Amino acid sequence: MLSLVRVPVAVSSLGLLRLLGAPWSWSLAAGLGVYLGTGGWKFLYVVLRTAKRDMIGLYVLLRVKFAIRRHMRLGSTIPSIFAATVARHPNKPALVCETTGEVWTFAQLARRSDAVAQWALTRGWVAGDVVAVYAESRPELVALWLGLAKVSVEAALLNFNLRQHALLHCISASGARALVFGAELADAVQEVISTLGQSMQLFCTGDLRPELLQSLSALNLDLILASTPQTPPPPQTLSKGFNDRLFYIYTSGTTGLPKAAIVVHSRYFRIAAFGYYSFGMRPDDIIYNCLPLYHSAGNIMGVGQCLLHGLTVVVKRKFSASRFWDDCIKYNCTVVQYIGEICRYLLSQPVRPAESSHRVRLAVGNGLRPSVWEAFTERFRVKQVGEFYGATECNCSIANMDGKVGACGFNSRILPNVYPIQLVRVNEENMELVRDSRGLCFPCKPGEPGLLVGKINQQDPLRRFDGYANQDATSKKIAHSVFKKGDTAYLSGDVLVMDDLGYMYFRDRSGDTFRWKGENVSTTEVEGTLSGLLGQTDVAVYGVLVPGAEGKAGMATIAEATGAFDFEAFLREVQAALPPYARPVFLRLSAEVDTTGTFKIQKTRLQKEGFDPRHSTDQIYFLNSRAGRYEAVTEDLYSAITEGRMCL
């Protein structure tokens with residue numbers, strides 16, 4: 001993989017120092033101090049093992065930073081950068097609709113987005129107005145938000161899995177003046193139409209029966225756009241700059257209602273560019289994008305390669321494990337995207353010829369568990385995994401550029417201040433920062449789990465934090481006096497751990513770690529272990545409160561539809577694979593495990609219901625350590641446990 005990226009020798013050392021500023025010189029001094037202070041051998045070992053990796057990372061950082069500075073100077077926006085891409089190859093395929101097989105060239109995408117821009121102008125919308133977009137993934141979604149951006153109108157990209165209260169919340173949070181919805185979601189819109197109010201303008205895209213369209217008081221957007229001029233809007237209608245708002249993307253809502261994260265033009269560019277250069281993508285690559293376009297991975301990391309770098313992107317309406325490799329062969333894809341549990345779902349499929357007859361060389365995404373990493377690359381013959389860490393709104397993204405199995409990225413141990421991110425100590429029970437006598441945070445040592453934070457600098461597009469539409473939500477993600485007195489830092493909410501070489505490994509989302517028998521239990525690690533033991537079955541692990549017990553007892557919900565679960569075999573394998581404190585005290589067998597639209601496991605409802613058998617029709621079991629077996633939790637047994645009559 002390293003050969004895919006060439007480090008430019010033309011960058012002078014003086015230019016490098018000017019670009020990086022003081023942190024570079026301080027890092028050199030710090031590095032020398034570490035070397036002299038420790039006898040040098042360990043530091044020298046780190047240098048020898050990581051110098052090439054760090055140079056590649058430095059090159060990617062510089063490449064993106066130079067590009068952003070140039071676009072800032074030129075007053076660029078995503079629409080203007082896309083216009084340059086169209087001019088380079090107007091007749092090249094830009095987007096392919098997997099559902100219909102329709103191919104849009106770059107020129108066609110430009111014209112369709114121009115029609116959207118002209119339509120927006122006829123509605124009287126102006127810079128800063130918001131239009132909510134609620135539809136399953138299709139090329140039209142790209143034309144919609146891109147066309148709106150051409151006249152400085154912002155799209156709010158809604159999760160198409162949302163219904164009722166959550167849907168209303170997201171529309172309201174964006175302050176949208178209009179809602180564009182897909183015909184396939186008309187029933188969901190019907191459920192909330194009375195609450196939306198008459199001031200909300202409704203437009204439908206897709207084939208919807210005229211009577212239903214009329215009952216919703218919605219206009220057929222496809223017919224409107226078909227008769228709208230496909231000419232570029234007047235230049236003065238694009239009044240925004242590189243650091244102004246482009247659109248909103250919502251958080252997944254795994255721990256509450258989604259928040260509308262602000263995506264500015266420079267952030268869109270930064271995420272897509274880091275992906276392109278970090279993983280050695282090529283202009284002739286064809287990307288298979290089965291991720292939802294309301295999510296940053298699908299819409300920025302994926303579609304962004306089309307708009308900014310001229311790659312062809314195949315848009316799949318919904319992920320299908322059984323069709324995945326057939327689609328890749330059909331469209332000659334060389335790059336695939338994944339997120340969450342997609343790779344595990346693919347491994348659970350029966351072996352078929354297509355899985356080894358494709359041209360895919362690179363899989364890009366996040367959330368690939370170490371327990372399935374090597375099995376995925378070996379079985380499907382994918383040469384390179386481009387795992388990265390980053391949230392839509394964060395300023396501390398990292399990437400695994402050299403294929404280190406299990407790592408989601410790295411930060412240099414030689415020059416740590418070049419990219420000012422850090423793992424800091426937190427109380428894992430409540431995720432509060434641990435501070436020293438000066439009020440500053442404690443940096444974590446290698447092997448010590450900590451919260452990932454990134455230093456904020458609003459003048460630097462790589463370091464800025466734009467937050468959310470809700471200012472209170474924004475404030476909660478900012479900490480003060482972290483690296484030094486008076487500074488500000490973004491709180492990722494995620495616990496990671498770094499090894500001696502600077503590789504970082506995802507441990508848990510905020511609140512997922514729980515303490516039992518005096519030990520911290522990582523739900524992510526236990527989920528990976530249990531899922532592997534059960535043939536890549538969906539598993540959700542979480543802690544539940546037991547009256548009178550210190551900490552939280554581990555509970556695992558397992559997707560088990562057959563009704564023939566082998567508890568004895570499961571317990572034997574668990575005892576061999578997990579330490580006593582990490583073994584599930586309670587099991588819940590369910591037909592399926594709730595996941596978000598981006599395949600993150602939903603635990604909020606499961607945690608609330610706990611191990612009380614009265615709250616669910618699922619069967620719940622308790623590990624009777626004295627008897628050495630799992631026993632069904634009846635109401636009598638539940639009372640015995642909660643009253644302390646049954647020892648855990």
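This section reports on the structure supplied with the text.

What counts as what
- Residues numbered from 1 in each chain as written.
- Predicted model: local features only at pLDDT ≥ 70, side-chain atom pairs only at ≥ 80, totals over all residues.
- Heavy atoms only, no water.
- Helix = DSSP H or I, 4+ residues; strand = E, 2+ residues; numbered from the N terminus.
- Expected span 1.5 Å × (residues − 1).
- Core = buried A, V, L, I, M, F, W, Y, C linked by side-chain atoms within 4.5 Å.
- Buried < 20%, exposed > 50% of the residue type's maximum accessible area, 1.4 Å probe, protein only.
- Contact = heavy atoms within 4.5 Å.
- Axes fitted to C-alpha atoms, helices over the stretch in contact; angles between N-to-C directions.
- Parallel < 35°, antiparallel > 145°, perpendicular 65-115°, else oblique.
- Left-handed = near helix turned anticlockwise from the far one by under 90°.
- Nonpolar A, V, L, I, M, F, W, Y, C, P; charged D, E, K, R; others polar.
- Phe/Tyr/Trp six-rings, centres within 6.5 Å; stacked < 30°, edge-to-face > 60°.
- Salt bridge = Lys/Arg side-chain N within 4 Å of Asp/Glu carboxyl O.
- Pairing = 2+ DSSP bridges.

1. Some points on helix H5 (residues 106-122)
Helix length check: H5, at 17 residues, gives a terminal C-alpha distance of 25 Å against a target of 24 Å (1.5 Å per residue), a fit within 8%. Just downstream of H5 lies Gly124, where phi reads positive at about 85°.

2. Comments concerning the nonpolar core
Core analysis: the largest hydrophobic core is formed by 142 residues, its most contacted members being Trp119, Trp145, Leu179, Phe181, Phe247, Tyr268 and Leu307. With eleven residues, helix H3 (residues 41-74) is the single largest residue contributor to this core. If you look at the next biggest cluster of nonpolar residues, it comprises 39 residues, including Leu578, Ala582, Leu623 and Leu637.

3. Notes on the side chain of Glu609
Structurally, the position occupied by Glu609 is in helix H19 (residues 604-609). Among all residues touching Glu609, those that are not within four sequence positions of it are Arg588, His615 and Ser616.

4. Some details on the packing of helix H7 (residues 164-174) against helix H8 (residues 186-196)
Here H7 crosses H8 at 60°, and the two axes come no closer than 10 Å. On the basis of their axis angle, the class for H7 and H8 is oblique. Read as a crossing pair, H7 and H8 show a hand that is right-handed. Seen from H7, the contacting residues are Gln164, Leu167, Leu168 and Ile171; seen from H8, they are Ala188, Glu191, Val192, Thr195 and Leu196. Residues that form the contact of H7 with H8 fall into these classes: six nonpolar, two polar and one charged.

5. Thoughts on the packing of aromatic side chains
Throughout the structure, instances matching the rule amount to 25 aromatic pairs. Considering the side-chain rings of Trp145 and Phe247, the 4.9 Å spacing of their centres and the 85° angle between planes classify their relative orientation as edge-to-face. Taken together, the positions of Trp145 in helix H6 (residues 139-149) and Phe247 in strand E8 (residues 245-250) put the pair 102 residues apart, joining distant regions of the chain. A residue is classified by how much of its surface remains accessible, and Trp145, at 1% relative accessible area, is buried. Through pairs of rings, three or more aromatic residues link up here, namely Tyr288, Phe319, Phe324, Trp325, Tyr345, Phe376 and Phe380.

6. Quick word on the pattern of salt bridges
The final tally for this structure, using the stated rule, is 28 salt bridges. One salt bridge connects Arg53 with Asp54, and the closest N-O pair in it is separated by 2.9 Å. A single burial state applies to Arg53 and to Asp54, both of which are buried. Residues joined in a network through salt bridges with shared partners are Glu98, Lys316, Arg323, Asp326 and Asp327.

7. What about the sheet that holds strand E4 (residues 154-157)?
The strand order across the open sheet formed by seven strands is E7-E6-E5-E3-E4-E8-E9, and the pairing between neighbours is mixed. Either end of the sheet is taken by a strand with one partner, and the two such strands are strand E7 (219-220) and strand E9 (260-264). Looking at chain direction, strand E5 (residues 178-182) and strand E6 (residues 201-205) are connected through five bridges and run parallel. The residue bridging Val180 from the neighbouring strand is Phe203, located in E6.

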